[in-house]
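Here is how the chains run, residue by residue.
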Amino acid sequence: MLTLTITDWRDLAACQASESNLFFPIGTTGPAADHIVEATAICESCSVQDECLQYALESNQEAGVWGGYAEDDRRRLRKRWLAERRRRAAAANAG
């Protein structure tokens, strides 16, 4: 009998072995800024970075570092992502 195992992208994330508080710093200055730098460096080496970022954009994760983006950067990216989604939907409905 063949057993098929579907692996969730989170099971492959490079951050699995890291302290979660590293990815959810309080603030953006001092030690929090150091945590953000360290977290994004871990993200850069992650094989599922794109999936992580996509999840964060789709589910509107407001806190923490996701897919290599800190909160403020991801907020700006999400605005552009939403605008592009609206443009694609409008084009699909028009066509």
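Residues numbered from 1 in each chain as written. Predicted model: local features only at pLDDT ≥ 70, side-chain atom pairs only at ≥ 80, totals over all residues. Heavy atoms only, no water.

Draft legend 1. Representation of the side chain of Arg74 in the model. Inspection of the secondary structure assignment puts Arg74 in helix H4 (residues 71–94). In this structure, Arg74 is buried with no salt-bridge partner, the nearest side chain bearing the opposite charge being Glu71 at 5.7 Å. In this structure the side chain of Arg74 is engaged in a polar contact, spanning 2.8 Å, whose partner is the backbone oxygen of Gly64. For Arg74, the side chain forms a polar contact with the main-chain oxygen of Tyr69, separated by 2.8 Å. Not counting the four nearest positions on each side in its chain, Arg74 is found in contact with Leu53, Ala56, Leu57, Gln61, Glu62, Ala63, Gly64, Val65, Trp66 and Tyr69. (Helix = DSSP H or I, 4+ residues; strand = E, 2+ residues; numbered from the N terminus. Buried < 20%, exposed > 50% of the residue type's maximum accessible area, 1.4 Å probe, protein only. Lys, Arg positive; Asp, Glu negative; His and termini not counted. Salt bridge = Lys/Arg side-chain N within 4 Å of Asp/Glu carboxyl O. Polar contact = N/O pair within 3.5 Å; in protein donor to acceptor, adjacent residues only side chain to side chain. Contact = heavy atoms within 4.5 Å.)

Draft legend 2. Looking closely at the nonpolar core. The biggest cluster of nonpolar side chains holds eight residues, and these are Leu22, Phe23, Ile36, Ala39, Ile42, Cys43, Val65 and Ala70. Elements that contribute at least two residues to this core include exactly helix H1 (20–23) and helix H2 (31–44). No other element matches H2, which puts four residues into this core. Those residues in contact with Ala39 that lie beyond four places of it in its chain are Leu22, Phe23 and Val65. By size, the runner-up hydrophobic cluster in this structure holds seven residues, among which are Trp9, Cys46, Val48 and Ala56. (Core = buried A, V, L, I, M, F, W, Y, C linked by side-chain atoms within 4.5 Å.)

Draft legend 3. Here's a closer look at the pattern of salt bridges. Under the defined criterion, the tally for this structure stands at five salt bridges. Here Arg10 and Asp8 are joined by a salt bridge, their closest N and O atoms 2.7 Å apart. Here Glu84 makes a salt bridge to Arg88, at a shortest N to O gap of 3.7 Å. You can see Glu84 and its partner Arg88 sitting in helix H4, four residues apart, about one turn around the helix. Residue Arg88 is classed as partly exposed on the basis of its relative accessible area, which comes to 46%. Via salt bridges that share partners, Glu84, Arg87 and Arg88 belong to a single interconnected network.

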